[in-house]
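If you want the building blocks of each chain, they are given just below.
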Amino acid sequence: MSRKTTTTMGLKAVLVGLASLGHNHVEILKKSHINPEKIDDPDGRLSLSKIDTFWKTVAHTTKQARPGLMMSQHIPFGTYHTIDYLFASSPTIEQGLKRLARFYKLMHQDLTLEIREVGNDLVKIEINEKQTTLGHHHHLDYEIGLVLSRIYLCLGKNPSIEEVGFQYDIGNYENVLQHYLAIFGTDKVTFSRPSNYILLHEKVIKSASQKNKHHLVDILEKNTQDILNNISQLNVENKSEDFLTKATNILREEIKNGDTSIQKVADHFKMSSRTFQRKLRAINFSYSDLLNETRKKMSKELLQDNNVSLTEISFLLGFSESSSFHKAFKKWTGMTPKDYRSSLT
């Protein structure tokens, strides 16, 4: 039976925060028995037991009762490449959260994220463990606090929180409770709940994101322009060129949203998928050609950034599993993504 693991992305971000607070992150890794090379590897993963040891070391070093909550507020925007990109490229907080929920499925074997409407114009953001594996909850605290901090940063202000709930109990520890009240800015923090959640008003979730710049946005925007330039060089009628340009723009957006079905793109043209495919064939294109060419070019651009993991790239290209991206990339280029990235150096 395989051990459950999680990416080292979160630990790397926490180390950035610890260093900014004046803590010796190298010593923390050493005491946690974690090889620094694992942290430097964008595709590195650690067992949950290692994550457990790490957070215990952070708690001891910082002398914080709830280090996960505390550290979640000290991670600069941009430290998380894909998570911060998801919010930076989303027009609303809601769309950023929905993309993040999809990303969680690839990144975490132990956590799930769901967004649901619960009536009275309220929306519940739930982050739950698939099964309770760690006794101290620091890792869970960190993930919940991090999501909230990204909402704060993208709004440009701290929204009013209706309620926060945790599955676990902290007992009668008034000093520990103060950490929660300070982080969430509300006295409506409850424990021993059926799930872990943040309850926000719908108008907060539907608010426009104020963050609109991130280096991954630049990469993907450039990639789209390159694809459009290639299309404009084809010997097709202007009307057909306009059609391809629009289709490519729509496809790029749907890739970001995780839906690459032909019907989803055809819907934008008010066509059936069959009519859309027929229109592409008339100019010697197929939907598969368009999708594969777009993904191939995007992947090559993203692989040039060594800080972006293969799991992140799989997500950004709309693949539901990393293995599917690996197979597709090898079919496109004859190389694995890892070998292609190595060939660039």
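Residues numbered from 1 in each chain as written. Predicted model: local features only at pLDDT ≥ 70, side-chain atom pairs only at ≥ 80, totals over all residues. Heavy atoms only, no water.

## Thoughts on the overall build of the protein chain
The secondary structure content of the protein chain amounts to 18 helices and seven strands. Across the 345 residues that make up the protein chain, the buried fraction comes to 51%. Sequence separation of 24 or more characterises 69% of the internal contacts of the protein chain that already satisfy a separation of 6 or more. (Helix = DSSP H or I, 4+ residues; strand = E, 2+ residues; numbered from the N terminus. Buried < 20%, exposed > 50% of the residue type's maximum accessible area, 1.4 Å probe, protein only. Contact = heavy atoms within 4.5 Å.)

## Let's talk about the packing of helix H4 (residues 48-62) against helix H8 (residues 138-155)
When two helices pack together, their arrangement is given by the angle between the helix axes and the distance between those axes. At a minimum axis separation of 9 Å, H4 and H8 run at an interaxial angle of 80°. Taken together, the axis directions place H4 and H8 in an arrangement best described as roughly perpendicular. Residues Ile51, Trp55 and Ala59 of H4 form the contact with H8, whose participating residues are His138, His139 and Tyr142. Residues that form the contact of H4 with H8 fall into these classes: four nonpolar, two polar and no charged. (Axes fitted to C-alpha atoms, helices over the stretch in contact; angles between N-to-C directions. Parallel < 35°, antiparallel > 145°, perpendicular 65-115°, else oblique. Nonpolar A, V, L, I, M, F, W, Y, C, P; charged D, E, K, R; others polar.)

## What about unusual backbone geometry?
Across residues other than glycine, the phi torsion is negative in most instances, and most of the peptide bonds are trans. Not every positive phi belongs to a glycine, and His33 is a case in point at roughly 60°. As for its placement among the helices and strands, His33 is situated in the loop between helix H2 (25-31) and helix H3 (36-40). Taking relative accessible area as the criterion, His33 reaches 60% and is therefore assigned exposed. Even without being glycine, Lys63 reaches a positive phi, approximately 60°. Take Lys63: it is sitting in the loop between H4 and helix H5 (67-72).

## Details of the pattern of salt bridges
Scanning the model with the defined rule gives nine salt bridges in all. Through salt bridges with shared partners, one network takes in Glu94, Lys98 and Lys206. (Salt bridge = Lys/Arg side-chain N within 4 Å of Asp/Glu carboxyl O.)

## Notes on the packing of aromatic side chains
Summed over the entire model, instances satisfying the criterion amount to 17 aromatic pairs. Relative to Phe269, the ring of Phe243 lies with its centre 5.0 Å away and its plane at 55°, an arrangement referred to as tilted. Of this pair, Phe243 sits in helix H12 (residues 238-257) while Phe269 sits in the loop between helix H13 (262-268) and helix H14 (273-281); the two residues are 26 residues apart in sequence, bridging distant segments of the chain. With respect to burial, Phe243 and Phe269 carry one shared label: buried. (Phe/Tyr/Trp six-rings, centres within 6.5 Å; stacked < 30°, edge-to-face > 60°.)

## Quick word on the nonpolar core
Core analysis: the largest hydrophobic core is formed by 93 residues, its most contacted members being Phe54, Tyr180 and Phe184. If one sorts the elements of this core by residue count, H8 sits on top with ten residues. (Core = buried A, V, L, I, M, F, W, Y, C linked by side-chain atoms within 4.5 Å.)

## With respect to the confidence of the model for the protein chain
Of the residues in the protein chain, 88% reach a pLDDT of 70 or more, and the chain-wide mean stands at 84. Per-element mean pLDDT across the protein chain ranges from 53 in helix H11 (residues 215-232) up to 95 in strand E7 (residues 197-201). Every residue in residues 231-239 scores below 50 in pLDDT, and together they form six contacts with partners more than four places removed in sequence or on other chains. (pLDDT = per-residue confidence, 0-100.)

## A word on a negative patch on the surface
Taken together, Glu37, Asp40, Asp41 and Asp43 make up a surface patch of like negative charges. Positionally, Asp43 belongs in the loop between H3 and strand E2 (45-47). (Patch = residues over 30% accessible without salt bridge, like charges linked within 9 Å, V, L, I, M, F, W, Y side chains within 5 Å. Areas by Shrake-Rupley, 256 points an atom, 1.4 Å probe, with all protein chains shown as cover. Lys, Arg positive; Asp, Glu negative; His and termini not counted. Charge placed at Lys NZ, Arg CZ, Asp CG, Glu CD.)

## Re H4
For H4, built from 15 residues, the straight-helix expectation of 21 Å at 1.5 Å per residue is met to within 8% by its first-to-last C-alpha distance of 21 Å. Residues of H4 that are buried sit in contact with strand E1 (5-7), helix H1 (9-20), H2, E2, H5 and H8. After H4 finishes, the residue Lys63 shows a positive phi value of roughly 60°. (Expected span 1.5 Å × (residues − 1).)

## Quick notes on the packing of helix H6 (residues 81-88) against helix H7 (residues 93-107)
Where H6 contacts H7, the two axes come as close as 8 Å, and the packing angle between them is 150°. By the criterion of interaxial angle, the relationship of H6 to H7 is roughly antiparallel. The handedness of the crossing between H6 and H7 comes out as right-handed. When H6 is examined against H7, the residues Thr82, Ile83, Leu86 and Phe87 are found in contact with a partner set consisting of Ile93, Gly96, Leu97, Arg99, Leu100 and Phe103. Taken together, the residues of the contact of H6 with H7 break down into seven nonpolar, two polar and one charged. (Left-handed = near helix turned anticlockwise from the far one by under 90°.)

## Section: the environment of Lys264
Residue position: Lys264 is located in helix H13. For the pair Lys264 and Leu251, spaced 13 residues apart in the sequence, the C-alpha separation amounts to 8.7 Å. Contacts of Lys264, omitting those with residues within four sequence positions, involve Glu254 and Asp259.

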